[in-house]
Amino acid sequence: MAHELRQLIDTANAPIFGIDKEGRVNEWNNKTVEITGFSKEEAFNKPLVSTFIKSNLRDNVLAVLQSALAGSETSNYELEFQTKTGETVYLLV
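Okay, so let's go over this structure. This is a predicted model, so every value here is computed, not measured. (Residues numbered from 1 in each chain as written. Predicted model: local features only at pLDDT ≥ 70, side-chain atom pairs only at ≥ 80, totals over all residues. Heavy atoms only, no water.)

1. Points about the packing of aromatic side chains
Inspection of the entire model under this criterion finds 6 aromatic pairs. Where Phe38 meets Phe52, the ring centres are 5.0 Å apart and the plane angle is 75°; that geometry is what we call edge-to-face. One end of the pair, Phe38, is in the loop between helix H2 (30–36) and helix H3 (40–43); the other, Phe52, is in helix H4 (residues 48–52), and 14 residues separate them in sequence. Given the relative accessible area of 16%, Phe38 is considered buried. We classify Phe52 as buried; its relative accessible area is 0%. (Phe/Tyr/Trp six-rings, centres within 6.5 Å; stacked < 30°, edge-to-face > 60°. Helix = DSSP H or I, 4+ residues; strand = E, 2+ residues; numbered from the N terminus. Buried < 20%, exposed > 50% of the residue type's maximum accessible area, 1.4 Å probe, protein only.)

2. Remarks on the side chain of Thr32
Inspection of the secondary structure assignment puts Thr32 in helix H2. A polar side-chain atom of Thr32 sits 3.1 Å from the main-chain amide nitrogen of Ile16. Within polar-contact distance, the side chain of Thr32 engages the side chain of Asn29 at 2.8 Å. In this view, Thr32 contacts Pro15, Ile16, Phe17 and Gly37; residues no more than four positions away in its chain are not counted. (Polar contact = N/O pair within 3.5 Å; in protein donor to acceptor, adjacent residues only side chain to side chain. Contact = heavy atoms within 4.5 Å.)

3. Re the environment of Asp20
Take Asp20: it is sitting in the loop between strand S1 (17–19) and strand S2 (25–28). Here Asp20 falls in the buried class, since its relative accessible area comes to 19%. Considered as a pair, Asp20 and Val93 are 73 residues apart in the sequence and their alpha carbons are 16 Å apart. With residues up to four places along the chain from it excluded, the contact list for Asp20 reads Asn26 and Leu69. Within the local environment of Asp20, its side chain forms a polar contact with the backbone nitrogen of Glu22, the two atoms lying 2.9 Å apart.

4. Brief notes about the pairing of strand S4 (residues 88–92)
Alternating positions in S4 separate cleanly, Val89 and Leu91 being buried on one face and Thr88, Tyr90 and Leu92 remaining unburied on the opposite face. Taking the residues that link successive antiparallel strands as the turn, the strand S3 (residues 78–82)-S4 hairpin has 5 residues, and the phi of Gly86 there is positive, at about 90°. (Pairing = 2+ DSSP bridges.)

5. A few points about the nonpolar core
Formed by 16 residues in total, the largest nonpolar core has its most connected members in Phe17, Trp28, Leu48, Phe52 and Phe81. For this core, the secondary structure elements donating two or more residues are S1, S2, H4, helix H5 (58–69), S3 and S4. No other element matches H4, which puts 3 residues into this core. Excluding residues that lie within four positions of it along the chain, Leu48 makes contacts with Phe17, Ile19, Gly23, Val25, Trp28, Ile53, Leu65 and Phe81. (Core = buried A, V, L, I, M, F, W, Y, C linked by side-chain atoms within 4.5 Å.)

6. Let's talk about unusual backbone geometry
Unusually for a residue other than glycine, Asn45 sits at a positive phi of about 70°. Inspection of the secondary structure puts Asn45 in the loop between H3 and H4.

If you want it as structure tokens, here you go:
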């Protein structure tokens, strides 16, 4: 079952990324690699907000993520990711 779940996440046609309670990336699927240009190895254990979110939005995103980690539901929040090439992409969470 674990192998099938891993394969589903990795091959999903949507970006799937996750963070631990410290805000470090612990999930980064192939679609997220494709969209951001950052490999799994480059992303894993990096602080999501300070590494991948545009600087002017970091405080707001950090507040939303902390709220979600505390158990508050957050839906339809658009994150502005900065790609490896410096472009901005929008991911809905």
